[in-house]
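Residues per chain are reported as follows:
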2 protein chains.
Amino acid sequence: MSEFKVTDTSGFEVTRNGISRALEYFAERGCCRLFVLSDPFLVSNGLAAQIEARNHNRFQISIYSDFFGEPKLTSVQAAMLAARAFNADAVLGIGGGSGLDMAKIVKTCINTGRDVADFVMQANQLPALNAQLPSVMIPTTAGTGSEASGTNILTLENGNKGWVWGPETRPDLALLDPHFSASLPANLTAWTGMDALVHAFEAASNRYTHQGAQLYAHQAIRLSVDALPKAVHSPDDLDARTDMLLASYYAGCAIHLCSTSIAHALSHALARLAPINHGLATALAFEITLPFVLAAETKDMQKAAAAFGVSELRAMPDALTQFMDRVGVERRLPEAFGKFSADDLMPVLRSDEIQPMREACVNYASDEQLFDFAKALLG
Amino acid sequence: MSEFKVTDTSGFEVTRNGISRALEYFAERGCCRLFVLSDPFLVSNGLAAQIEARNHNRFQISIYSDFFGEPKLTSVQAAMLAARAFNADAVLGIGGGSGLDMAKIVKTCINTGRDVADFVMQANQLPALNAQLPSVMIPTTAGTGSEASGTNILTLENGNKGWVWGPETRPDLALLDPHFSASLPANLTAWTGMDALVHAFEAASNRYTHQGAQLYAHQAIRLSVDALPKAVHSPDDLDARTDMLLASYYAGCAIHLCSTSIAHALSHALARLAPINHGLATALAFEITLPFVLAAETKDMQKAAAAFGVSELRAMPDALTQFMDRVGVERRLPEAFGKFSADDLMPVLRSDEIQPMREACVNYASDEQLFDFAKALLG
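All chains use their own residue numbering, which begins from 1 and follows the written sequence. Key to labels: chains lettered from A, ligands numbered from 1, both in the order written. Local features are withheld for residues below a pLDDT of 70 in this predicted model, meaning they are given only at 70 or higher, and side-chain atom pairs are given and counted only at 80 or more; totals for whole chains, interfaces and linings count all residues.

## Side note on the packing of helix H10 (residues 278-294) of chain B against helix H15 (residues 367-378) of chain B
All names here are of chain B. Heads up, the rule is: Only C-alpha atoms enter the line fits that serve as axes; for helices the fit covers just the stretch in contact. Angles between N-to-C directions range over 0 to 180 degrees. Labels follow the DSSP assignment, with helices taken as runs of H or I lasting at least four residues and strands as runs of E lasting at least two, numbered in each case from the N terminus. Roughly parallel covers angles under 35 degrees, roughly antiparallel covers those over 145, roughly perpendicular covers 65 to 115, and oblique covers all other angles. By definition, turning the near helix anticlockwise from the far helix through less than a right angle yields a left-handed crossing, and turning it clockwise yields a right-handed one. Each residue is represented by a C-beta atom placed from its backbone, and any two residues with such atoms within 7 Å are regarded as in contact. Under the grouping applied here, Gly and all other residues not named as nonpolar or charged are polar, the nonpolar ones being Ala, Val, Leu, Ile, Met, Phe, Trp, Tyr, Cys and Pro and the charged ones Asp, Glu, Lys and Arg.
Between H10 and H15, the shortest axis-to-axis distance is 10 Å and the interhelical angle comes to 140°. As the angle between them shows, H10 and H15 are arranged oblique. The two elements H10 and H15 meet at a crossing, and its hand is right-handed. Packed against H10, whose contacting residues are Leu 284, Ala 285, Ile 288, Thr 289 and Phe 292, the element H15 presents Gln 369, Phe 373, Ala 376 and Leu 377 at the interface. Of the residues assigned to the contact of H10 with H15, the class counts are 7 nonpolar, 2 polar and no charged.

## Quick word on the nonpolar core
To keep it simple, the criterion reads: Think of a nonpolar core as buried Ala, Val, Leu, Ile, Met, Phe, Trp, Tyr and Cys residues chained together by C-beta atoms that fall within 7 Å. In this scheme every C-beta is placed from the backbone, and a residue whose C-beta has 20 or more other C-beta atoms within 10 Å is buried, one with 12 or fewer is exposed, and one in between is partly exposed.
If you look at the biggest cluster of nonpolar residues, it comprises 246 residues, and the most contacted ones within it are Ala 200, Ala 220 and Ala 254 of chain A together with Ala 200, Ala 220 and Ala 254 of chain B. Those residues in contact with Ala 254 of chain A that sit more than four places away from it in its chain are His 199, Ala 200, Ala 203, Ala 204, Ala 213, Tyr 216, Ala 217 and Ala 220 of chain A.

## With respect to the confidence of the model for chain A
Threshold: For every residue, the predictor states its confidence as a pLDDT score lying anywhere from 0 to 100.
Chain-level statistics for chain A give a pLDDT mean of 94 and a share of 98% at 70 or above. Complex prediction metrics read pTM 0.91 and ipTM 0.87.

## Remarks on the pairing of strand E3 (residues 33-38) of chain A
Residues and elements named next belong to chain A. What counts here: Pairing between two strands is assigned when DSSP locates at least 2 bridges connecting them.
Where burial is concerned, most of E3 is hidden: 5 out of the 6 residues are buried. Bridge count between E3 and strand E4 (residues 60-64): 5 bridges; the pairing is parallel. Bridging from a neighbouring strand, Arg 33 pairs with Gln 60 of E4. Sheet topology places E3 next to strand E5 (residues 90-95); 5 bridges connect them, and they run parallel. Bridge pairing in E5 places Ser 38 opposite Ile 94.

## What about helix H12 (residues 316-326) of chain B?
Residues and elements named next belong to chain B. Defined as follows: Working definition: the arc comes from the directions between the helix axis and the C-beta atoms, pointing outward to the latter.
Those residues of H12 that sit buried are Met 316, Leu 320 and Phe 323. Summarising the axial view, the buried residues of H12 lie within an arc of 65°, below the 170-degree limit, and thus occupy one face. For H12, exposure combined with an orientation more than 90 degrees from the buried face picks out Asp 318, Gln 322 and Asp 325. Where H12 is buried, its residues contact helix H7 (211-233), H10 and helix H11 (299-308). In the stretch just after H12, Gly 328 is the one whose phi turns positive, near 75°.

Here's what the structure looks like:
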């Protein structure tokens, strides 16, 4: 039994009335100028009308959705400008991981008056919660767990990935409403769900894992194993959607407490070469690295495998492969990767930003080992 | 899947240096006048010297331990007077459920200038966290989970039990340090551990249970089943002590989220007749009421039984009986109960304060049913 901390856990609610609950939350706190940062997809599907129908003239509302794909520093800076110009006193994020990461950075840093860039890679201390705006996050994918974590990823101007990291960035409240994820197509449901599963497995088995994180991680694994195939094959199964939102939230809590590992090192590196869905990249990297990871044969790995439903550690890679088949993850990189080989990935895998995830793995992967993984991914 | 909330969760740390960590916590917050509320037993065993050795002249410290047994309103009032006279700016509670409940009420209400009685049974709104004193709780028994919950029990001047209830009363931080529970004798280890197990089982199976509370409750059940026999029979097994502190903390989170049930209705009623250890009363009441409770045969009960290691619901009462034998719970009330019969318990069981726990049970116990339970307990 090692020592560990489980602090600054934030709260969440499972609800079927996410927008009403969010507005109620802000109304209770006397807010009146609500900045909504949302995925463009939702906005073009009538989000403004949905919110207005529940507003009852309580809030001035500004809906912002001027971004695309994984967040760039410049997109977050633009969102911050808009929120400041609107003089927002509350922030509601509705989206996948990218939208929520942006909304979390806006609610955290808005009152500082400073450029977002000043807070990347912990260059400056983030403001305390009571110096921020009240915030609620509603995830529309069940995968990143951004609504639970203090991790916020963005792409810097030089193309590198950067992080705004800190427990201060966690929202006041996460609302898990399956109506928002029910329209997700099967492939995105599978990819994002795999991201949650990998978060949970890595947090439950890396060198920083502890019993406190495993409470969340094991439950996230159990929920994913049961609910992800249902969510993929019966998209309207709101119970399965809810279970996946819970799995994603719990997995987010787990990585907040003790980080990810080698599969995320590879998936973040892959994303530097060409655009790829983060969940897909992570799933492919997890399947390829799993036998190497499990060779450490720790008790923590056995417990994580048991939560997956596998009693013998050596049976875990096959069980994962069968599971990925069941949820329909095609083992194929997007076409844009056709021009890249393992040699292109290696410099990224050796870059500073990737090392913390590489080092989190109980088995340290040598450069030769990384090259083997890169070849398995890119040929 | 019903809707539910998991908010205002507080943080905890598993540590082997509880006092140092507590002092560090207060030092980081600029506190200088530390009010320590502790069980008399610890004070007579050198707690003051232990704290002073780690103080390094950072704090003025006042150690208060002028109470005995379950907290009375008058004891809390006296502790509050002392803390106010000392002009405390931080509160450290070290003790069993009684001491921690008192310390939590002191840290919550001290700045209001009002009598503690004004906050009993939600008569007045409790102050928000930022109007309270920074607080840390170190449990010395693994049972009540007071360090995790917003429930604080005291005996009123008329002999009735009263509650100061509210999430505002949760401490900033709970420190789980097995050194503090390792000296607990076997019978108290078993009784308090049974309290944690019953908290978890009731929270996992009553009519207010939900998946969020079950995350904590099921883990508390699993940990108790494994660790309680070890803690009883190998008192120096610090890993088992830690697991029981975790079980108690998680069970406290679970009842904070969705309450106890019928076994606690009976155990609180019993305590009105004569002094009895709360864990012992609860264990006896749980064993007697369990077949009635399980007759509702809900899925939640099946999941709770599975966490206990029992695959068929009907096997649960025998499994519990065997478990209580293994941890050495004698089925015997203290001698002072000799003069009471079931007829004496009935008016208490019908009193207002008991009804919320009675009503929490999925099967509602009629007066006749309660009388049968009372006879089984008192003859």
